[in-house]
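Listed below are the residues making up each chain.
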Amino acid sequence: SDEPMLTVEETAEVRARALSAVKLPESVLSNLVELREYLAERCEPPVYVSDRRMLKAVNLLKVSAYTCGRAEVSSFDCLLLEHVLWTVPEDAEKVRDWLLRNLTMDEGLDQVQYLLAGCFARACRIGADYVDGGGGGSTI
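Residues numbered from 1 in each chain as written. Predicted model: local features only at pLDDT ≥ 70, side-chain atom pairs only at ≥ 80, totals over all residues. Heavy atoms only, no water.

The next point concerns the overall build of the protein chain. Helix and strand counts for the protein chain stand at 5 helices and 0 strands. Scanning the protein chain from its N terminus toward the C terminus, one meets helices and strands in the order α-α-α-α-α. The buried share among the 140 residues of the protein chain stands at 26%. Contacts spanning at least 24 positions in sequence make up 61% of the contacts within the protein chain whose residues lie at least 6 apart. For the protein chain, the exposed area adds up to about 9,800 Å²; of that, 58% sits on carbon and sulfur atoms. (Helix = DSSP H or I, 4+ residues; strand = E, 2+ residues; numbered from the N terminus. Buried < 20%, exposed > 50% of the residue type's maximum accessible area, 1.4 Å probe, protein only. Contact = heavy atoms within 4.5 Å. Areas by Shrake-Rupley, 256 points an atom, 1.4 Å probe, with all protein chains shown as cover.)

Right, here's the structure in full:
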């Protein structure tokens, strides 16, 4: 159907609820400040992010968290910033690169990387058993 999933009024209501209910943790705020400084001071040419655009970006992060059922913005919500903190399309890559480089320093991500490394090692062992004639009888 051509009908939108949400009306303009419903969208405004979700936004209003998100802005009042969702918290912005200090760690995410620090990331935003660092990203803005990086874009302004270390990129050539500099990427200017106005106060107004930054506030809209924070609101987007809160709506993202709210619509995912969370009461707090996550570092991973910040991946959306790639789509809003640029002036010319080439700047989006600068934002994405910074986010990927800096968000991967998150402690939770260390745990995920450890788990993935373990799964990868296990998959390699199973694959080696299969190639060596084990027939793939092992299970993950």
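Evaluated as defined, the whole model comprises 5 salt bridges. Between Asp 77 and Arg 70 there is a salt bridge whose closest N-O contact spans 2.8 Å. Given a relative accessible area of 5%, Asp 77 falls into the buried group. Ionic pairing is found between Lys 94 and Asp 91, a salt bridge with its closest N-O pair at 3.4 Å. Pair noted here: Lys 94 and Asp 91 are both in helix H4 (residues 89–103), with a separation of 3 residues, about one helical turn. Both residues of the pair, Lys 94 and Asp 91, belong to the buried class. (Salt bridge = Lys/Arg side-chain N within 4 Å of Asp/Glu carboxyl O.)

Examined against the element boundaries, Cys 43 turns out to sit in the loop between helix H2 (26–41) and helix H3 (51–67). Residue Cys 43 is classed as buried on the basis of its relative accessible area, which comes to 6%. Note: C-alpha distance between Cys 43 and Asp 91 (48 residues apart in sequence) is 9.1 Å. For Cys 43, the contacting residues outside a window of four places in its chain are Tyr 38 and Lys 94.

As a further point, take H2. With 16 residues, H2 ought to run about 22 Å at 1.5 Å a step, and its terminal C-alpha atoms sit 22 Å apart, in line with that. Those residues of H2 not exposed but buried are Val 28, Asn 31, Leu 32, Leu 35, Tyr 38 and Leu 39. Buried positions in H2, seen along its axis, are confined to an arc of 130 degrees and lie on one side of it. Exposed residues pointing more than 90 degrees away from the buried face of H2 are listed as Glu 26 and Glu 41. (Expected span 1.5 Å × (residues − 1). Arc of directions from axis to C-beta.)

This part is about the nonpolar core. In terms of nonpolar packing, the biggest core is built from 22 residues, with Leu 35, Leu 39, Leu 81, Leu 85 and Leu 99 touching the most fellow members. At the level of elements, H2, H3 and H4 are the ones that each hand at least two residues to this core. Once you skip the residues sitting within four places of it in the chain, Leu 39 turns out to touch Pro 46, Val 47, Val 49, Leu 85, Lys 94 and Val 95. (Core = buried A, V, L, I, M, F, W, Y, C linked by side-chain atoms within 4.5 Å.)

All right, on to the confidence of the model for the protein chain then. Scored by pLDDT, the protein chain comes out at a mean of 85, with 80% of its residues at no less than 70. Of all the helices and strands in the protein chain, helix H5 (residues 107–134) carries the lowest mean pLDDT, 66, while H3 carries the highest, 96. Between residues 136–140, whose pLDDT stays under 50, and residues either more than four places distant or in other chains, the model counts 7 contacts. (pLDDT = per-residue confidence, 0-100.)

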